[in-house]
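Listed here are the chains, written in short residue letters.
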Amino acid sequence: MIVTVTLNAAIDKRYVVSEFEEGEVNRVSTCEYTPGGKGLNVSKPLKILGAELLATGLVGGFAGQYLAAEVTKLGIANKFFQIADESRSCINIWDEKKKTQTEFLEPGVAVSEEEQEAFLKEFAETIKEARVVTISGSVPKGIPLDYYNRMIDIVKTQGKQVILDTSSPLLDEGIKAKPTMIKPNIDEIRSLTGRPCDNLDEIMEAARGLQQTGIPVVVVSLGGEGAIMACEDGLYQALVPKVEAVNTVGCGDAMIAGFAYAFDQGYSPAEALRMASSVSTASAMYDKTGFFKPEDQQKLFKEIEIKKRG
Ligand SMILES: Nc1ncnc2c1ncn2[C@@H]1O[C@H](COP(=O)(O)OP(=O)(O)OP(=O)(O)O)[C@@H](O)[C@H]1O
Ligand SMILES: O=P(O)(O)OC[C@@]1(O)O[C@H](CO)[C@@H](O)[C@@H]1O
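Given the structure is predicted, the values throughout are model-derived calculations rather than measurements.

Calculation rules
- Residues numbered from 1 in each chain as written.
- Chains lettered and ligands numbered in written order.
- Predicted model: local features only at pLDDT ≥ 70, side-chain atom pairs only at ≥ 80, totals over all residues.
- Heavy atoms only, no water.
- Helix = DSSP H or I, 4+ residues; strand = E, 2+ residues; numbered from the N terminus.
- Rg over C-alpha atoms; globule rule 2.2 N^0.38 Å.
- Buried < 20%, exposed > 50% of the residue type's maximum accessible area, 1.4 Å probe, protein only.
- Areas by Shrake-Rupley, 256 points an atom, 1.4 Å probe, with all protein chains shown as cover.
- Lys, Arg positive; Asp, Glu negative; His and termini not counted.
- Charge placed at Lys NZ, Arg CZ, Asp CG, Glu CD.
- Near = heavy atom within 4 Å.
- Polar contact = N/O pair within 3.5 Å; in protein donor to acceptor, adjacent residues only side chain to side chain.
- Nonpolar A, V, L, I, M, F, W, Y, C, P; charged D, E, K, R; others polar.
- Contact = heavy atoms within 4.5 Å.
- UniProt positions renumbered as here; feature names shortened; annotations may be inferred.
- Pairing = 2+ DSSP bridges.
- Axes fitted to C-alpha atoms, helices over the stretch in contact; angles between N-to-C directions.
- Domains from an automatic or database assignment.
- 1 Å grid on protein atoms, 1.4 Å probe; cavity = no way out; pocket = protein on both sides within 12 Å on 5 of 7 lines; lining within 4 Å.
- Points joined across faces, edges and corners; volume = space filled by probe spheres on them.
- Buried area = accessible area lost by both parts, 1.4 Å probe.
- Salt bridge = Lys/Arg side-chain N within 4 Å of Asp/Glu carboxyl O.

Some points on the overall build of the protein
And then number 1: Along the protein, the regular secondary structure elements total 10 helices and 14 strands.
And then number 2: Its C-alpha atoms give the protein a radius of gyration of 19 Å, near enough to 19 Å, the size a compact globule of 310 residues would have.
And then number 3: Expressed as a percentage of the 310 residues in the protein, the buried residues total 53%.
And then number 4: For the protein, the computed accessible surface area is about 14000 Å², with 49% contributed by carbon and sulfur atoms.
And then number 5: Charged side chains of the protein number 34 positive and 44 negative; the gap between the two group centres comes to 4 Å.

In structure tokens, the structure reads:
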């Protein structure tokens, strides 16, 4: 079983405007509300894969009730912890003319120390049946930098695998707790290592360096260029075929879903990389964040090349 964690859940609001004008009144032609926050964008592809899954995290107020109800509607089992303040919204504006996307991500409400401690206590119980736990995204206000470290310690103490997917400064702190896996993208690996990582050799060296600090699996995702993985077996490269990418938002989350699924099913690291790359690439081919067509994923699974690089 897989438990996904979203501490900063959000109602993702997608606004379509004919032409976005800064400083003007913009009328929205279509709007779409979906449950978001990175951990929920991991849950959606996991559901499509047919994984046994439980979504947890923090939600609050009416927005929180709406989020939990929408997640349930998607058929995703969930056990959210209720906080006092209202869950956030994230706005994504799609400009039809310029074909650009503008995002406004609210920071998330304050979470009191009492709420933080109570969630951790509940979390230790929630993951009892899990084999794999994913921890994703930003954290709401008031949550200290080492909170993910405490969660990772709880998961590891129970002998389970834990994937951490976040960015600086939470990632810089989180790697100290040695999660089972991290998946920085190119910007995140540069920020983590302070190296330019301008070519494949440098990226492989950076991934191996991090893996050797005691993080069993380090994957660097490279968008349409695939991914590099450093693990105990060595270095691997995933080469993905050219596809018509219509929405790359949340591809990283879909990749985490693929790895969590593969770890839960006991795949080898190389096959886990193939699985994760097929799910994330299929999700780039679908316009709705967090979704993909199983037939695209199954086709890609056969086409993706996994090369041993050292
Ligand atoms: N344009 C694309 N074409 C094909 N596959 C893609 C494309 N963009 C992303 N992918 C797939 O998704 C994976 C993750 O992409 P990326 O490196 O962009 O993650 P990310 O930056 O964490 O994404 P996000 O933050 O939007 O979730 C890639 O390794 C690849 O398999
Ligand atoms: O603040 P986080 O949790 O890091 O990111 C939140 C978020 O912007 O990322 C997704 C796109 O990847 C959106 O669906 C979501 O609302």
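Structure's up, so let's keep going.
Examining the site of ligand 1
And then number 1: Near ligand 1 there are 20 residues, and of these Asn 185, Ser 221, Gly 223, Gly 252 and Ser 280 occur at the shortest range.
And then number 2: One nitrogen or oxygen atom from the side chain of Lys 183 is found 3.1 Å from an oxygen atom belonging to ligand 1.
And then number 3: With respect to ligand 1, the backbone of Gly 250 contributes an N or O atom lying 3.2 Å from an oxygen atom.
And then number 4: In the complex, 82% of the free accessible area of ligand 1, which totals 630 Å², lies under the protein chains.
And then number 5: Elements with a minimum of two residues in the shell around ligand 1: helix 8 (251-265) and helix 9 (269-284).
And then number 6: The element that contributes the greatest number of residues to the shell around ligand 1 is helix 8, accounting for 4 residues.
And then number 7: A per-class count over the shell around ligand 1 returns 7 nonpolar, 11 polar and 2 charged.

Section: the environment of Ile 83
And then number 1: Mapped onto the elements of the fold, Ile 83 is located in strand 5 (residues 78-83).
And then number 2: The class of Ile 83 is buried, set by a relative accessible area of 7%.
And then number 3: Along the sequence, Ile 83 and Gly 60 sit 23 residues apart, while their C-alpha atoms lie 4.7 Å from each other.
And then number 4: What Ile 83 contacts, discounting residues up to four positions off in sequence, is Leu 58, Val 59, Gly 60, Gly 61, Val 109, Val 111 and Glu 115.

Focus on the UniProt feature "domain: Carbohydrate kinase PfkB" (unreviewed entry) in the protein
And then number 1: In the numbering used here, UniProt assigns the "domain: Carbohydrate kinase PfkB" (unreviewed entry) feature to residues 12-289.
And then number 2: Taken end to end, residues 12-289 is 38% helix and 25% strand, and its two terminal C-alpha atoms sit 10 Å from one another.

A word on the sheet that holds strand 9 (residues 161-165)
And then number 1: Spatially, 10 strands are ordered 5-4-1-8-9-10-11-12-13-14 in an open sheet, and the strand pairing comes out mixed. A single partner strand is all that each edge strand has here, and the edge strands are strand 5 and strand 14 (305-308).
And then number 2: In the packing of helix 7 (residues 200-211) onto the sheet, contacts are made with strand 10 (181-182), strand 11 (217-221), strand 12 (227-231) and strand 13 (234-239), and the angle to strand 12 comes to roughly 35°.

Some remarks on the site of ligand 2
And then number 1: In the vicinity of ligand 2, the residues found are Asp 12, Gly 37, Lys 38, Asn 41, Arg 88, Cys 90, Leu 105, Gly 137, Ser 138, Val 249, Gly 250 and Asp 253.
And then number 2: At a separation of 2.2 Å, an oxygen atom of ligand 2 approaches a polar side-chain atom of Asp 12.
And then number 3: At 3.0 Å from an oxygen atom of ligand 2 is found a side-chain nitrogen or oxygen belonging to Arg 88.
And then number 4: Contributions of two or more residues to the shell around ligand 2 are made by helix 1 (38-49) and strand 6 (88-95).
And then number 5: Tallied by class, the residues present in the shell around ligand 2 amount to 3 nonpolar, 5 polar and 4 charged.
And then number 6: Inspection of the shell around ligand 2 shows a minimum of three residues originating in each of domain 1 (1-19 + 28-179) and domain 2 (180-310).

Notes on empty space enclosed by the protein
And then number 1: According to the stated counting rule, one finds 1 cavity of 30 Å³ or more in the structure shown.
And then number 2: The computed volume of the largest cavity comes to approximately 50 Å³.
And then number 3: If you go around the largest cavity, the residues you meet are Leu 7, Asn 8, Ala 9, Leu 58, Val 59, Ile 83, Glu 86, Ser 87, Arg 88, Gly 108, Val 109 and Pro 140.
And then number 4: When its residues are assigned to classes, the lining of the largest cavity shows 7 nonpolar, 3 polar and 2 charged.

Let's talk about the domain arrangement of the protein
And then number 1: On domain assignment, one finds that the protein holds domain 1 (1-19 + 28-179) and domain 2 (180-310).
And then number 2: Domain 1 puts 31 residues into the contact, and the matching count from domain 2 is 33 residues.
And then number 3: Buried surface at the junction of domain 1 and domain 2, both sides included, amounts to about 2800 Å², of which 66% is carbon and sulfur.
And then number 4: In terms of surface lost to domain 2, no three residues of domain 1 exceed Ile 48, Leu 49 and Ile 163, which account for 22% of the buried area on that side.
And then number 5: There are 1 salt bridge connecting domain 1 and domain 2.
And then number 6: In this structure, Arg 131 engages Asp 264 in a salt bridge whose closest nitrogen and oxygen atoms are separated by 3.2 Å.

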